[in-house]
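Listed below, chain by chain, are the residues.
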Amino acid sequence: MAQHQDKTKKNLTLFALTWPIFIEIFLHMLMGNADTLMLSQYDDNAVAAVGVSNQIMSVIIVMFGFVATGTTILIAQYIGARRDLEASRIAGVSLAANLAFGILLSAVLFFSGPAILRGMNLPPELMDTALMYLRIVGGFAFVQALIMTAGAVIKSHGFTRDAMWITLGMNVLNVVGNYLFIFGPMGFPELGATGVAISTAASRTLGLAVLVVILYKRVNGELPFSFIFKAFPKTELKQLMKIGVPSAGEHLSYNISQVVITMFIASMGTVELTTRVYTTNIMMFAFLFAIAIGQGTQIIVGHLVGEGKFEEAYRRCMRSLWIGLWVTLGAAGLFAAFREQLLSIFTDNPDIIQLGGILLLLTVILEPGRTFNLIVINCLRAGGDVRYPVYIGILSMWGVSVTISYTAGLLLGLGLVGVWFSFIADEWLRGLLMLKRWKGRQWQNMSFVREGDRKKA
């Protein structure tokens, strides 16, 4: 085990952890719309049906994420503290918990699919297609739950490249499957949306099989599932919930607030709504760097906090923040400089290009503020300070972002530019408050590993 720990330690540099995470997230973003893009060549109604079903699946995935988030932080701290048994127990409990949760939600989606889709006011002509897709992909939701959890365990041990390669493999299989089942070459049946669902479920299942093999290899086969059956793992579940539930609440609050703001934008007109979609797609590649740096730093800080090296953890967060700020600012500046060319890839509508160009210029101010949140909040969570970011986040999302969007965008008539001002105010307010909290060092007393629990090297 000591040799395994030493290997893990060698992997814990920001670059070694971050670049695979960057590529993994990039693949998710780039390939996440593969179903929609390929299906659009087949049938517009199928695209709409799959789009609605995927909105439901997005909410389900957020719910699985609360266990995965807790898993990442707890295992990182326990590995840092050289508490290998506790780390392996957390891994086992996390996998079992998300499997049970995943099976439950899979059953709900399969059997309650018609009621869920009717509740979303789905047009009758889309119902059969959407229901078939939801039952196949949703019925295998437990597979996605296990992928997220096993991936969190592997990343916490420092092996972020494994998750990257598996994601790449799943995406390639998904695209190949889409091609075979949508267009029916070489005698394959043309199944449309049903084929896309089969391809998605099959690629995830094969990806999970590979992930399980790698998981056992990386943790030396030490996943003590037997102790779960001997006694209910109350302590481990309580720790996972303490981190995961607030984090999930924050993500759900953000998603709901964005739905409300989208309703505001929709009332402004089709040009504004379309501009928001295109601009957001471009912006995502600007803050991708900050997401990757934030996740990599979270793992490192978790290990350092587990070891009791609080000063090193503090400096690591600050260095990562500066790196993230400069990289994100450079990316946002590049997108702003080539704003017309980028928007022209999506549309030739001059109104959309002009309005989107203004938004991409404002993004140069927006994205550095978002970087504070993506990096510093992850560091706070890694240190055990999980509630403060949630409280401030919910207050700012609704009290600043939603409120200013409505006031500036609709009442004052600034439209989409007013909405962007609200995003800037929200991200910078939260970011500066998170930085103040980190510098206040309250997190040093919130570690899940106490001083007496740490083992000497």
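Because the structure is a prediction, the values reported are computed rather than measured. (Residues numbered from 1 in each chain as written. Predicted model: local features only at pLDDT ≥ 70, side-chain atom pairs only at ≥ 80, totals over all residues. Heavy atoms only, no water.)

**Q** Would you mind showing me how to read the side chain of serine 257 here?
**A** Position of serine 257 relative to the elements: it lies in helix H11 (residues 234-268). There is a polar contact of 2.7 Å between the side chain of serine 257 and the backbone oxygen of tyrosine 254. Those residues within four positions of serine 257 in sequence are excluded, and the remaining contacts are Met397, Trp398 and Val402. (Helix = DSSP H or I, 4+ residues; strand = E, 2+ residues; numbered from the N terminus. Polar contact = N/O pair within 3.5 Å; in protein donor to acceptor, adjacent residues only side chain to side chain. Contact = heavy atoms within 4.5 Å.)

**Q** Help me understand the environment of proline 185, please; the structure alone is not making it clear to me.
**A** With respect to the helices and strands, proline 185 occurs in the loop between helix H8 (160-183) and helix H9 (193-218). When sequence neighbours within four positions are dropped, the list of residues in contact with proline 185 reads Tyr179 and Leu180.

**Q** When you look at the pattern of salt bridges in this model, what are you seeing that I'm missing?
**A** Side chains that differ in charge, positive against negative, can pair when their charged atoms come close. Enumeration over the complete set of coordinates arrives at nine salt bridges. One salt bridge in this structure joins arginine 370 and glutamate 367, with 2.9 Å as the shortest N-O distance. Residue arginine 370 and its partner glutamate 367 are both found in helix H15 (residues 350-383); the two are separated by three residues, about one turn of the helix. Glutamate 367 shares its class with arginine 370; the two are buried. Across the pair arginine 437 and aspartate 385 runs a salt bridge whose closest N-O atoms are separated by 2.7 Å. Of the two residues, arginine 437 is situated in helix H17 (residues 415-440) and aspartate 385 in the loop between H15 and helix H16 (387-411); the sequence distance between them amounts to 52 residues. Residue arginine 437 shares its accessibility class with aspartate 385, and that shared class is buried. A network of salt bridges, in which partner residues are shared, links Glu367, Arg370, Asp426, Glu427 and Arg430. (Salt bridge = Lys/Arg side-chain N within 4 Å of Asp/Glu carboxyl O. Buried < 20%, exposed > 50% of the residue type's maximum accessible area, 1.4 Å probe, protein only.)

**Q** Looking at this structure, I do not really get the packing of helix H6 (residues 124-139) against H9. What am I missing?
**A** In helix packing, the relevant descriptors are the interaxial angle and the interaxial distance, both defined with respect to the helix axes. Running from amino to carboxyl end, H6 crosses H9 at an angle of 10°, the nearest separation of the two axes being 9 Å. Between H6 and H9, the angle falls in the class roughly parallel. Mapping the contact onto sequence places Thr129, Met132, Tyr133, Ile136 and Val137 in H6 and Ala193, Thr194, Val196, Ala197, Ile198, Thr200, Ala201 and Arg204 in H9. Among the residues making up the contact of H6 with H9, the classes are represented as nine nonpolar, three polar and one charged. (Axes fitted to C-alpha atoms, helices over the stretch in contact; angles between N-to-C directions. Parallel < 35°, antiparallel > 145°, perpendicular 65-115°, else oblique. Nonpolar A, V, L, I, M, F, W, Y, C, P; charged D, E, K, R; others polar.)

**Q** Explain the confidence of the model for the chain here, please?
**A** Low pLDDT means the predicted coordinates in that region are not meant to be read closely. Scored by pLDDT, the chain has a mean of 83; 88% of the residues are at 70 or more. The secondary-structure element of the chain with the lowest mean pLDDT is helix H1 (residues 2-11), recorded at 47, while H17 shows the highest, at 95. Of the regions scoring below 50 in pLDDT, residues 1-10 engages in 19 contacts with residues more than four places distant in sequence or in other chains. (pLDDT = per-residue confidence, 0-100.)

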